[in-house]
Amino acid sequence: MNEPRILEAHCEWTRDEVADEELWTERFTDAELAELDASLRHARQHSDDVLDLTKDDFPLPTLAARLARIENDLINGRGFVRLRGIDRAAYTANEMELLYWGIGAHLGTPWAQNKHGHVLGDVTDQGKAYDDPTARGNELGGVALPFHCDGSDLVGLLCLENGRSGGLSAVSNSVRIHNRLVRERPDLAAALYEPFPYDFRGEQDDNASAFYSMPVFTDWGDRLFVRCIPPYIWASQRHADAPRLTDVQVEALRTVESMATEPDNHVLMDLQPGDIQFINNFHVLHGRTAYEDDRAAGKVRHLKRLWLETTVLQDRPPYFRNRSHWESRRSASRLRTGADA
């Protein structure tokens, strides 16, 4: 491959540059909230099941233009946003899911997220142990999640309920990490352009390999594409047939992990019930702080997740195109927790 080069420098940011939360908080106006409510009522005339509904079922005659601008900003700008203003108390959990699905449909096409084919997923304590080799981050309760990527262009989270304490969302700028490595440690940047093994967590297709391989960094059409899931890379080494990580790969991955957690490279985001977060999966790593639930009081942290393919990206590397075997099982996860249980 060619020498790694600086990519999309206009998408770099530091914590100080995004310290003002209003820069990345989009507040719905009263008129837009009324439009969202009307689109919900319109969609429910067709179905209460998100699997039956498309963008056309959620008409947003004025808000659609703002969402298109946000979609473009996610791909070509800061890479993350918080949408605020929906009154969680005014809607049931099912209605919130429908509103979220409708907003998401205006930003992209939903992808399946796991072996169950969930195109609408749940991020909440699902009783999985941290050391379970099949556990995925959205199923783990309480523990902090390290910075990582998911498996689509855009990742969305809708907050239905918070736990008793903790659980802040964290976002870190992977464009800045890439470009700093190109400038300061081109040897490590080059290593991250080589294939790394990722554990499938037991969700591979029948008779398929238990791991897959792809680079952490990809230069494609003058854009930077990032796939970095450190826990899955480290876990791949449990498979005897997975390639062993080299010393330089280990150093490069640990350096990315360290840079992501540097105070100047990430911000914490408080998601309140009704808030929606979207991030550019290729430019922003995300994680969360540890948290505590209080089930007796109905305070159980619960978010809904979307993986979306944006229309802004006209081209992407082959391994970032949606060819997942999970797609044949498209379904929606509808866990109920806390006050909604």
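Whatever comes next refers back to the structure up there.
Counting of residues starts from 1 at the beginning of each chain's written sequence and follows it residue by residue. In view of the model being predicted, local features appear only for residues whose pLDDT reaches at least 70, and side-chain atom pairs are presented and counted only at 80 or more, with totals across whole chains, interfaces and linings using the full set of residues. Excluding hydrogens and water, the side-chain values take into account all heavy atoms of the structure.

*Asks:* So what exactly am I meant to see when it comes to the packing of aromatic side chains here?
*Replies:* Aromatic ring pairs: the centre-centre distance and the angle between the two ring planes describe each pair. Here a pair means two rings of Phe, Tyr or Trp (six-membered ring of Trp) with centres within 6.5 Å. Their orientation is stacked below 30 degrees between planes, edge-to-face above 60, and tilted elsewhere. Considering all chains together, one arrives at 10 aromatic pairs under this definition. Through successive ring pairs, a cluster of aromatic residues spans Phe 225, Phe 282, Tyr 319 and Phe 320.

*Asks:* How should the packing of helix H4 (residues 174-184) against helix H7 (residues 247-261) be read in this particular structure?
*Replies:* Any two packed helices are characterised by the angle at which their axes cross and by the distance between the axes. To obtain an axis, a line is fitted to C-alpha atoms, over the contacting stretch when the element is a helix, and the angle between two such axes runs from 0 to 180 degrees between their N-to-C directions. Helix numbers and strand numbers start at the N terminus; a helix is a DSSP run of H or I with at least 4 residues, a strand a run of E with at least 2. Relative orientation of the contacting elements H4 and H7 amounts to 125°, with a least axis distance of 10 Å. What the angle tells us is that H4 and H7 run oblique. Here H4 runs over H7; the crossing is right-handed. Facing Ile 177, Arg 180 and Leu 181 of H4, the residues of H7 in contact are Thr 255, Val 256, Met 259 and Ala 260. Orientation is classified from the angle alone, with under 35 degrees giving roughly parallel, over 145 giving roughly antiparallel, 65 to 115 giving roughly perpendicular, and any other angle giving oblique. Each crossing gets its handedness from the near helix: less than a right angle anticlockwise from the far helix is left-handed, clockwise is right-handed. Residues are treated as being in contact if the distance between any of their heavy atoms lies within 4.5 Å.

*Asks:* Sorry, what's going on with the sheet that holds strand E5 (residues 145-148) here?
*Replies:* Paired through backbone hydrogen bonds, the strands of a sheet run either parallel or antiparallel to each other. On the basis of which strands lie adjacent, the open sheet formed by four strands has the order E5-E15-E8-E13 and antiparallel pairing. Of all strands in the sheet, those bounded by a partner on one side alone are E5 and strand E13 (266-269). Put simply, the sheet's adjacent strands are angled 20° from each other on average, direction ignored. Two elements, strand E8 (residues 169-173) and E13, share four bridges in a ladder whose sense is antiparallel. When DSSP locates at least two bridges between a pair of strands, those strands are taken to pair.

*Asks:* Mind showing me how you'd approach the side chain of Gln 249 here?
*Replies:* By the secondary structure assignment, Gln 249 is in helix H7. Here the side chain of Gln 249 touches Pro 195 through a polar contact of 3.2 Å, landing on its backbone oxygen. In this structure the side chain of Gln 249 is engaged in a polar contact, spanning 3.0 Å, whose partner is the backbone nitrogen of Thr 246. In protein, a polar contact means a hydrogen-donor-capable atom and an acceptor-capable atom, both N or O and within 3.5 Å, with residues adjacent in sequence counting only if both atoms are side-chain atoms; elsewhere, any N or O pair within 3.5 Å suffices.

*Asks:* Could you clarify how one ought to interpret the state of the cysteines in this entry?
*Replies:* Disulfide: a pair of cysteine sulfur atoms within 2.5 Å of each other. For the structure on display, the rule yields zero disulfides. Unpaired in this structure, Cys 228 has its nearest cysteine sulfur neighbour in Cys 149, at a distance of 5.9 Å. Think of it in three bands: residues with accessible area under 20% of the maximum for their type are buried, residues over 50% are exposed, and the middle band is partly exposed, with areas taken using a 1.4 Å probe on protein chains only. The class for Cys 228 is buried, based on a relative accessible area of 2%.

*Asks:* Quick question: what am I supposed to make of helix H3 (residues 93-105) here?
*Replies:* For the α-helix, the turn length of 3.6 residues means that residues three or four positions removed from each other point alike. Each residue after the first adds 1.5 Å to the expected span of a helix. Between its first and last C-alpha, H3 extends 18 Å over 13 residues, near the 18 Å set by a 1.5 Å rise per residue. Counting buried residues in H3 gives 12 out of 13 residues, a clear majority hidden from the surface. Every buried residue of H3 is listed here: Ala 93, Glu 95, Met 96, Glu 97, Leu 98, Leu 99, Tyr 100, Trp 101, Gly 102, Ile 103, Gly 104 and Ala 105.

*Asks:* What's the story with the side chain of Glu 8 in this structure? I'm lost.
*Replies:* Relative to the elements of secondary structure, Glu 8 occurs in the segment before strand E1 (25-27). Residue Glu 8 is classed as buried on the basis of its relative accessible area, which comes to 9%. In terms of polar contacts, Glu 8 uses its side chain to reach the side chain of His 283, at 2.8 Å. With sequence-adjacent residues up to four places away left out, Glu 8 is seen in contact with Ile 75, Val 175, Asn 179, Asp 222, Arg 223, Leu 224 and His 283.

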